[in-house]
Structure formats: structure tokens, C-alpha cells
Amino acid sequence: MSWPGITERRIGTNGIELNIAESGEGPLVLLLHGFPESWYSWRHQFKPLADAGYHVVAPDMRGYGKSDKPSAIEAYNQVEVVNDIIGLVPALGYENAVVIGHDWGAPTAWATALNHPDVVRAVGALSVPFLPRSPVPPMAMMREVYKGQFFYQLYFFEPGVAEAEFEADIRTALKKFLVMAGGETDLSALPPKAEDDDMFSSLPDPEMLPAWVSDADLDFYTGEFERSGMRGPLNYYRNHDLTWELTKDAPTTISQPALFLAGANDGVIMMAEELVKIMPHFVTDLRINKLIPEIGHWTQQEAPEAVNESILAFLKEIDG
């Protein structure tokens, strides 16, 4: 599958090579995907942003797609991932960039702005609000909050377990995962899970795909993960505590112009409602802070027109 105007190449940064998809010329806008996705999750954003006069670059994050996949679990802590993204800026010939991320790409985008204000001139996040470093290690907190319950991040933590379930049937697993987290699914109606459940056995196999993801889209994602496997992507979840240890001296306030968008039916927002409310205390120049009705977690894929409109308004405001 090819998208007119989008080219791909590999580029060196932070001691590894990332595959990037890119389009357009002008100021640099970096788009960071989440789990379990690829540069392709931003397919609807390239043309509008390139047409507006920007050089749009979406990498396959480390561990994904055609990018390098370090073998060590600890290689996927957020300090390393942030260094990958910050290294892309000079590698692409720029001094600064706007960085926008979705899902796991969102905390990465926030952290690039937090720790590299000289490089990141503006920041955007989809689905995941900014969260200052917690006073206690994240895994202990998660285990306490979800004691006696199934929680996907705890399930993902044990190396090899979630990989085996995903990789037994990548296409079906991705289909279930994408549909489950989309705006069409009533999360409260899903069957309850026991603490020792797996991820997919109790999830229904959707008869039809929602309008925002086609069979061809699902085929693309399936091909990417059949080649790359799930170990690298799942390793992001296994580094909560290491990232916490490595960021003890991190600042707590982001002062660059910022954008936040999320789906009103996003399960992440349902869990993080209070964080969305307090975010302006820590993100002090939050220009756009919007919930998009009737969509779920896959923000830029479920509502590309609304997302593009907000990103373009944000860029116009900061660049005049």
C-alpha cells in the first residue's frame, strides 16, 4: 500500500536507526505513534500539514516496523525513546521542531518538551494528558490500585506472556484491540475479567470493522507486526519503574505552547479524568484542550478531520 506524497527512509539517531515516513517542506513537525501502531496511524495528517507548509515526519518508534529493535527490555525506557526523537531533529537538518504524540507517543512528546525546551518549540498530545513524575514508583501504585483485577498494563509486564497471545493470531488480536478501544465500543458492557485472565479470549471477534479502519489498514498493521513481532512494543510497558528512577530530577512544568486532544469515549480519558482537569497547572500555555465527541482511543484515525483542524489552528497560532 502506498500513500501519494509520502516517502520512507531510515535515519540514524541516538545510536540506532529509525524508519521515517515524511512529506512536505518547511518547519519540522514530528508525529509520534503509540501502541500497537506505526507511522501509518498518522496517514490522514500528512497531506493537510504538508499542504500548510510543514515538513511532516512520523517515525516507526524503536521496536516497531522497519526501525531498529534493541533486544534489551531496558532499552525501551522513556529517556532512551526521548533521545531518539530529540536526535531526529538535527539528523533531519533542523534546530527545533513541533512534537505531537498519540498514546505512548504522547508521554514521549510531553517529555521532549519538558526536558528539551531549546529543541521543542511547541508540543501536542492525543489521548494521554501530561502527568508529572509520581512521588512513588508506578508499578507498585498500579498493583495496589488494580489489586484483584485484570489490568492490561500489568498483564503486559511479564515478558513473553502477551507476546505469545498477540503473535498466535496477529490479525485477530489487532482487530479485537482496535475495535475494543474505539468509540463504538461501550467499555462498560464488556465481560468482566478476572485478575489472571488473558487479553483476548473473552473479547468478541468483531463481525465488521468500524468505518475508520478498513481491511486494507488492518492488513498493513498485521504485516508490520508479523515481521517485527510484539516484544519491542510491549517493552515500553515494562519500563515504568526504570523511567521513574531515571527522571528523578525532571522538571514538572511545560511552558511551550501546547495542544491536547482526546476522544470523549476514550478509556484512557475515563481513567485520567482528574489529570485532564489539573493539566493546565503543569502545562501553562495550553492553547487547545478539547474532547472530540463520539470517538474512542484512536484519536487521529477515528476523527482525522477534527484532529487536522485543531492541529492546523494550533500551528497557525504559533507561526502566524
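(A) The arrangement of the overall build of the chain in detail. Regarding its fold elements, the chain presents 14 helices and 8 strands. For the chain, whose C-alpha radius of gyration is 18 Å, the value lies close to the compact-globule estimate of 20 Å for 320 residues. Projected onto its principal axes, the C-alpha coordinates of the chain cover approximately 50 × 45 × 40 Å. Counting the 320 residues in the chain, one finds 55% classified as buried. Once the 23 positive and 46 negative side-chain charges of the chain are each reduced to a mean point, those two points are 3 Å apart.

(B) Broad picture of unusual backbone geometry. In the segment running from phenylalanine 35 into proline 36, the intervening peptide bond is cis, with an omega of -15 degrees. Relative to the assigned elements, proline 36 resides in the loop between β3 (28-32) and α1 (46-51). With phi around 55 degrees, aspartate 103 is a residue other than glycine that occupies positive phi space. Following the sequence through the fold, aspartate 103 ends up in the loop between β5 (97-102) and α3 (105-115). A positive phi angle, close to 85 degrees, is found at serine 127, a residue other than glycine. For serine 127, the position within the fold is in the loop between β6 (120-126) and α4 (138-145).

(C) Quick peek at the environment of glycine 24. Mapping glycine 24 onto the fold places it in the loop between β2 (16-23) and β3. In this structure, the C-alpha to C-alpha distance between glycine 24 and proline 135, residues 111 residues apart in sequence, is 42 Å. For glycine 24, the residues in contact, after removing those within four places along its chain, are Ala50, Tyr54 and His55.

(D) Local environment of the layout of surface pockets. By volume, the second largest pocket amounts to about 170 Å³. Along its surface, the second largest pocket is lined by Arg143, Tyr146, Lys147, Gln149, Phe150, Phe151, Leu154, Tyr155, Glu195, Asp196 and Asp197. Here the lining of the second largest pocket is composed, by residue class, of 5 nonpolar, 1 polar and 5 charged.

(E) Layout of the packing of aromatic side chains. Following the criterion strictly, the structure yields 29 aromatic pairs and no others. A ring pair is formed by tryptophan 3 and tyrosine 40, whose centres lie 6.0 Å apart and whose planes are at 75 degrees; its orientation type is edge-to-face. Here tyrosine 40 lies in the loop between β3 and α1 and tryptophan 3 lies in the segment before β1 (7-13), a separation of 37 residues in the sequence. Since its relative accessible area comes to 27%, tryptophan 3 is described here as partly exposed. Classification of tyrosine 40 as buried rests on a relative accessible area of 1%. With centroids separated by 4.2 Å and ring planes inclined at 20 degrees, the aromatic side chains of tyrosine 40 and phenylalanine 220 adopt a geometry described as stacked. Here tyrosine 40 is found in the loop between β3 and α1, whereas its partner phenylalanine 220 is found in helix α8 (residues 215-228), with 180 residues between them in sequence. For arginine 133, the ring lying beneath its charged end belongs to tryptophan 244, and the centroid distance is 4.0 Å. Here lysine 193 stacks its cationic end above the ring of phenylalanine 150, 4.9 Å away from the centre of that ring.

(F) Just the sheet that holds β1, in detail. One open sheet holds the 8 strands; their spatial order is β1-β2-β4-β3-β5-β6-β7-β8, and the pairing between them is mixed. Two strands bound the open sheet, and with one partner strand each, they are β1 and β8 (286-292). Sheet twist, expressed as the average angle between the axes of neighbouring strands with direction ignored, equals 20 degrees. Across the face of the sheet, helix α2 (residues 78-91) comes into contact with β1, β2, β3, β4 (55-59), β5 and β6 while running at roughly 105 degrees to β1. Of the strands in this sheet, β3, β5, β6, β7 (258-263) and β8 are in contact with helix α14 (residues 304-319), which crosses β8 at around 175 degrees.

Each value, and the rule that gives it
- Residues numbered from 1 in each chain as written.
- Predicted model: local features only at pLDDT ≥ 70, side-chain atom pairs only at ≥ 80, totals over all residues.
- Heavy atoms only, no water.
- Helix = DSSP H or I, 4+ residues; strand = E, 2+ residues; numbered from the N terminus.
- Rg over C-alpha atoms; globule rule 2.2 N^0.38 Å.
- Buried < 20%, exposed > 50% of the residue type's maximum accessible area, 1.4 Å probe, protein only.
- Lys, Arg positive; Asp, Glu negative; His and termini not counted.
- Charge placed at Lys NZ, Arg CZ, Asp CG, Glu CD.
- Contact = heavy atoms within 4.5 Å.
- 1 Å grid on protein atoms, 1.4 Å probe; cavity = no way out; pocket = protein on both sides within 12 Å on 5 of 7 lines; lining within 4 Å.
- Points joined across faces, edges and corners; volume = space filled by probe spheres on them.
- Nonpolar A, V, L, I, M, F, W, Y, C, P; charged D, E, K, R; others polar.
- Phe/Tyr/Trp six-rings, centres within 6.5 Å; stacked < 30°, edge-to-face > 60°.
- Lys NZ or Arg CZ within 6 Å of the ring centre and 35° of its normal.
- Pairing = 2+ DSSP bridges.
- Axes fitted to C-alpha atoms, helices over the stretch in contact; angles between N-to-C directions.

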